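# A closer look at the structure
Chain residues, written in single-letter form:
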Amino acid sequence: MKKNGAFWKRHRFWLSLALPALLVAVVFIAASFSNVHKKTYRLEKFDTAEETIYSPITIENKKETEQKIREVTQGVEDHYSISETITDERLQKVREVFEVVEEIENSGREDGQVNQASELETLLSEDISSSLPVEVFRPLLEAEDKDLEDAERILVNTLMSVFKDGIRTSDLETEERTLELKIEYSSIPDSIKDAVAAIGTYGLVENALYDARETDDARKEAIANVDPVMIRSGEVIVEEGETVTTGVYEELQLTGLLDEKKNILPMAGLTLFALLLSMLFYSESVRAIHLGNLNRQHIYALTFVTLVMIVIMKVFSFYVTVGQPLYYLMPAATGVMLVKLLGQERLAVVMSLIYSLMAMVFMNGQLTGALNGTAGVYMMLSQIAAIFFLSHTKERLAIIRASSGVALINICTVLFFLFISFEKYTWVDAFLYCGYGLAGAFIAGVLTLGLLPFIEAWFGILSDNKLLSLANPNQPLLRKLLIEAPGTYHHSIMVANLSEAACESIGANGLLARVGAYYHDLGKTIDPHYFIENQMKMRNPHDFLDPEQSAAIILGHPYDGAEMLDKGKLPAEIVDIARQHHGTTLLKYFYHQATEQNSDVREEEFRYPGPKPQSKEAAVVCVCDSVEAAVRSLDDPTEEKIKKIVHSIIKDRLMDGQFDESDLTFKEINEMEHSICETLHGIYHSRIQYPENDTIVKEAK
């Protein structure tokens, strides 16, 4: 039982950090549910659409694709192959006629036309003689040799040109008529035109044969070139006020917009995505606290900032559509600027990733299953720019300068998206979207400046801006210190300079140490004259008191100051520095004075009650407070004396165990000592010894 109790006590703090991460996940799921949940409609054919309906998914319209394939297939013409064998055979038969005629005429026999025709019929191939009557050849037998040669040449050339393009059965009649016309208007003598035309008609046959294989290949190629008819995600299916036609109704059915069945998979995916983001949020929170960079209040503030960013993104998501990238106007950099000002840079970078991933879901135009990568990239670049440009956070104008840098990056990013887009944008669109980016950057700066004070107040977080406001000399408690204890005020300023330099050298918060040093001796305003720096031309009142009385006054000032700071509602870190700046050190002067009067005096009565410094900043102020007072008391603060006294004080604090609870390392202690010595050398550097005024006057004469 004890073992279980110890376990829960040891892990209770870390487990409590899971609640903010879980809250972020739940709010994100609730806000982005509509972005992944598919909205359905109750529509019938020929109804009027009450709103513009977009396709939530990308899907193929198979019915339209099949219709397109049928149209393309029907448009493919039959393929024919030209037979060179048939062509050569027919041309040879035509030539054969003229060769036989020439042979008979050259034989020199004069048996009469009847006998010559009969002989020609016997010499011709059976196919020719059976296809052409003998009367066709008689005009040829009477023609001159030159006329026959011209006729043969013209007829063969005409047939070759026709055969070259191929002759189909359906084209045969047309080609015969064309051939007859060409013969009729050729230079062939009229006496043999009819014979030549008859021979040409005989020679014309089908030489283009149907090629089933090539036709099939052509159809397959045409089908392969058909792009599927796709309904794209974000595509308008029907505009507001339009009639739901049969085609539109089929597309609504196909995209599932008429299906009232609930699909839990998108919700499961969203939950998984939200849990991954919350795990990243939790792991970075644990890491930051483990390293001592943040406390639990910072994580609560981080959770609040994240919830604000979720609300901002959700509001903008209502106005983002496929054609209207209103997210350019979104103050994307607000969250990371607040995180960097309240926490640390690494955490701001991690949160920029989380916010960008969230934006991809929120800015999807309410399209189920879609992620807006453009919005995610835009938001990431804007946030990274804010982190980069938000430097020197101790200056009040840092946020304005960072907003200017973010504006430049936003405009460049918008132009990048416009230039690489396939869509055509007008110059008006370009200027409008660049204006969105410019406005979004400065809105982010205004929101950061406006939210920062409230977050600091609500969550008790001490930021650089808050420290800067506390460092103002017109702050009531500082003014009280200046008026009532001017010597202590001057001492505090010197301690602040030393503390800031020392903290910066070891990587601690120099601004916190400076402001803490301003207030660390506020308790001396109760009895200012009992502290030596305020005793101007007056006798030390401790000369009239017992050592115990003097010690009681001196030992009480850290706690009086802490009480005053607490009542003034100053941050706990400042109060802690005031309370811890003496730790449990021994008030040596009055202790030795008391031991001279009474050897039985207990040392504990002359030690500060503590606690010892709990932070590096408090430990540095503890050292610098003693060093400044000791060096100020030196008559001739040479470099050697300064080094010796600083080393002595730090060694004394180390041996007394004052650094045990501050997490200071030996390396940091050495660096702190070196920094303090350098700063003191700058303050108490050797000055030129100028001659007396009398000497100057004499030399002037």
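What comes next is a walk through the structure. (Residues numbered from 1 in each chain as written. Predicted model: local features only at pLDDT ≥ 70, side-chain atom pairs only at ≥ 80, totals over all residues. Heavy atoms only, no water.)

### Comments concerning the environment of Thr303
Relative to the assigned elements, Thr303 resides in helix H14 (residues 296-317). Separated by 284 residues in sequence, Thr303 and Leu19 place their C-alpha atoms 9.9 Å apart. Look past the residues within four positions of Thr303 in its chain and what remains in contact with it is Pro20, Leu23, Val24 and Phe281. In terms of polar contacts, Thr303 uses its side chain to reach the backbone carbonyl oxygen of Ile299, at 2.8 Å. (Helix = DSSP H or I, 4+ residues; strand = E, 2+ residues; numbered from the N terminus. Contact = heavy atoms within 4.5 Å. Polar contact = N/O pair within 3.5 Å; in protein donor to acceptor, adjacent residues only side chain to side chain.)

### Side note on a negative patch on the surface
A cluster of acidic residues, Glu99, Glu102, Glu103, Glu144, Asp145 and Glu149, forms a negative patch at the surface. Of all the elements in the fold, those that place two or more residues in the negative patch are helix H4 (84-106) and helix H8 (145-165). Element by element, the count of residues in the negative patch is highest for H4, at three residues. Secondary-structure assignment places Asp145 in helix H8. Under the relative-accessibility criterion, Asp145 is labelled partly exposed at 42%. (Patch = residues over 30% accessible without salt bridge, like charges linked within 9 Å, V, L, I, M, F, W, Y side chains within 5 Å. Areas by Shrake-Rupley, 256 points an atom, 1.4 Å probe, with all protein chains shown as cover. Salt bridge = Lys/Arg side-chain N within 4 Å of Asp/Glu carboxyl O. Lys, Arg positive; Asp, Glu negative; His and termini not counted. Charge placed at Lys NZ, Arg CZ, Asp CG, Glu CD. Buried < 20%, exposed > 50% of the residue type's maximum accessible area, 1.4 Å probe, protein only.)

### Thoughts on the packing of aromatic side chains
The relative placement of two aromatic rings is captured by the distance of their centres and the angle of their planes. Overall, the coordinates contain 15 aromatic pairs when judged by the stated rule. Ring plane angle 90° and centroid distance 5.8 Å describe the contact between Phe304 and Trp458, whose orientation is recorded as edge-to-face. With Phe304 in helix H14 and Trp458 in helix H19 (residues 427-459), this pair connects stretches of sequence that are 154 residues apart. Take Phe304: its relative accessible area is 25%, and that puts it in the partly exposed class. Taken together, a centroid distance of 5.4 Å and an interplanar angle of 50° make the contact between Phe416 and Phe417 tilted. Taking relative accessible area as the criterion, Phe417 reaches 12% and is therefore assigned buried. Put simply, the rings of Tyr327, Tyr328, Tyr378, Tyr433 and Tyr436 pair up and form one aromatic cluster. The ring centre of Tyr202 lies 4.5 Å from the NZ or CZ of Arg90, which sits over that ring. (Phe/Tyr/Trp six-rings, centres within 6.5 Å; stacked < 30°, edge-to-face > 60°. Lys NZ or Arg CZ within 6 Å of the ring centre and 35° of its normal.)

### A short note on the environment of Phe28
Structurally, Phe28 is set in helix H2 (residues 18-36). According to the relative accessible area criterion, Phe28 is buried, its value standing at 1%. Residues Phe28 and Asp147, spaced 119 residues apart in sequence, show a C-alpha to C-alpha distance of 100 Å. Excluding its chain neighbours within four sequence positions, the residues that come into contact with Phe28 are Leu270, Phe273, Ala274, Leu277, Ile310, Met358, Val361 and Phe362.

### Description of the environment of Pro266
Of note, Pro266 is situated in helix H13 (residues 265-290). Along the chain, Pro266 and Phe33 lie 233 residues apart, while their C-alpha atoms are 8.9 Å from each other.

### As for the nonpolar core
Counting 74 residues, the largest nonpolar core has Phe28, Met313, Tyr355, Met358 and Met363 as the members making the most contacts within it. Broken down by secondary-structure element, the contributors of at least two residues to this core are H2, H13, H14, helix H15 (334-342), helix H16 (345-362), helix H17 (373-389), helix H18 (398-420) and H19. Discounting chain neighbours no more than four positions away, the residues touching Tyr355 are Leu302, Val305, Thr306, Met309, Met313, Gly335, Val336, Val339, Met379 and Gln383. By size, the runner-up hydrophobic cluster in this structure holds 52 residues, among which are Leu470, Ala485, Val620 and Ile642. (Core = buried A, V, L, I, M, F, W, Y, C linked by side-chain atoms within 4.5 Å.)

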